[in-house]
Amino acid sequence: MRERNIYKNIVFSIIIGWIIFFLYGKLQSYQKEQKTYEFSIQSASDLTQETAKELQKISGICSFAPVETVTVTIKLGEYAMETEVFGVDLQEFSGKWKEVSETFSLGNTPVLFLGTDSFQRFTDQTGSLPGKSQTEKWKKEYQQLNLKIQDETGLERNGIVCGILDEPRDLIFMDEMQMAETFEDTVHTRGGRMEIFGYQNARKAKELLEQAGFTVDMGKEKDFKEN
């Protein structure tokens, strides 16, 4: 009986392993190219119609939804912070809630929804940050907080908090319709949400946008946020 060629079997197994590894990599690449990637972009200046037209030329773009913002100073007791507030459709908002009021009215008083980490951005007159016990108290008693909101013209309004977000953790939101009515003269459109089909298209879009001066946020995923 002939002795089996062990070395031949080992080489054959290695070749088969490499083929499987190669095909698996090709499959992963194919799957990544068949997905839609969602991310946000932000500019330092207002978007123009010309800029919006250029964005539509990006390879693989499925949609671009502009997002309105206002730059305000929010005062909470002896603390304050300058920040941007983002307008959203509350019916379609995909944020992850930590706490939210069961009922609230979108009248003349601005209603804000704060990411849980945004409380840590307040500072007092000396530039000191609030302690952990203070921020935790604010979060626990968010429905009783009385805010002062000053817009870019210096006009100050009373505001309230009606929800705390786990995600996004560091941003502040309000209803887009209420924002347009309340801050009519100071609303800006400097960015928005974009969807790109295909992994390579998304990578190229990110590179082009950053070269054009945009800040691009593709989420916390290793690659991109996938739909």
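In what follows, the accompanying structure is described. (Residues numbered from 1 in each chain as written. Predicted model: local features only at pLDDT ≥ 70, side-chain atom pairs only at ≥ 80, totals over all residues. Heavy atoms only, no water.)

1. Comments concerning the packing of aromatic side chains
Applying the stated rule across the entire model yields nine aromatic pairs. Considering the side-chain rings of Phe-93 and Phe-173, the 4.9 Å spacing of their centres and the 50 degrees angle between planes classify their relative orientation as tilted. Here Phe-93 is found in the loop between strand E3 (79-88) and strand E4 (96-100), whereas its partner Phe-173 is found in strand E8 (residues 172-175), with 80 residues between them in sequence. When the centroid spacing of 5.5 Å and the interplanar angle of 65 degrees are considered together, the rings of Phe-122 and Trp-138 count as edge-to-face. Here the residue Phe-122 occupies a position in the loop between strand E5 (111-115) and helix H3 (132-140), and Trp-138 occupies one in helix H3, the gap between them amounting to 16 residues. Put simply, the rings of Phe-86, Phe-93, Trp-97, Phe-104, Phe-113 and Phe-173 pair up and form one aromatic cluster. (Phe/Tyr/Trp six-rings, centres within 6.5 Å; stacked < 30°, edge-to-face > 60°. Helix = DSSP H or I, 4+ residues; strand = E, 2+ residues; numbered from the N terminus.)

2. What about helix H5 (residues 199-211)?
Here H5 contains 13 residues, and its C-alpha end-to-end distance of 19 Å stays within 8% of the 18 Å for a straight helix at 1.5 Å per residue. At the C-terminal side of H5, Gly-213 shows a positive phi close to 100 degrees. (Expected span 1.5 Å × (residues − 1).)

3. Quick notes on the layout of surface pockets
In this model, the largest pocket occupies a volume close to 1300 Å³. If you trace the largest pocket, you find 44 residues lining it, with Ser-40, Pro-168, Leu-171, Phe-173 and Arg-193 closest to the centre. Of all the secondary-structure elements, those providing two or more residues to the lining of the largest pocket are strand E1 (36-42), strand E2 (61-76), E3, E8, strand E9 (188-197) and strand E10 (215-217). The dominant element in the lining of the largest pocket, judged by the number of residues it contributes, is E2, at six residues. A breakdown of the residues in the lining of the largest pocket according to their chemical character gives 16 nonpolar, 11 polar and 17 charged. (1 Å grid on protein atoms, 1.4 Å probe; cavity = no way out; pocket = protein on both sides within 12 Å on 5 of 7 lines; lining within 4 Å. Points joined across faces, edges and corners; volume = space filled by probe spheres on them. Nonpolar A, V, L, I, M, F, W, Y, C, P; charged D, E, K, R; others polar.)

4. Examining the pattern of salt bridges
For the coordinates displayed, the defined rule picks out 10 salt bridges. One salt bridge in this structure joins Arg-169 and Asp-117, with 3.2 Å as the shortest N-O distance. Of this pair, Arg-169 sits in the loop between strand E7 (156-167) and E8 while Asp-117 sits in the loop between E5 and H3, placing them 52 residues apart in sequence. The shortest N-O distance in the salt bridge between Glu-210 and Lys-206 comes to 2.9 Å. Residue Glu-210 and its partner Lys-206 are both found in helix H5; the two are separated by four residues, about one turn of the helix. Sharing partners across several salt bridges, the network here consists of Asp-46, Glu-84 and Arg-190. (Salt bridge = Lys/Arg side-chain N within 4 Å of Asp/Glu carboxyl O.)

5. Quick look at the pairing of E1
Extensive coverage of E1 is indicated by the burial of seven of its seven residues. Here E1 shows a buried face lined by Thr-36, Glu-38, Ser-40 and Gln-42 and a second buried face lined by Tyr-37, Phe-39 and Ile-41. Two elements, E1 and E9, share seven bridges in a ladder whose sense is antiparallel. Residue pairing across strands places Ile-41 opposite Gly-192, the latter belonging to E9. (Buried < 20%, exposed > 50% of the residue type's maximum accessible area, 1.4 Å probe, protein only. Pairing = 2+ DSSP bridges.)

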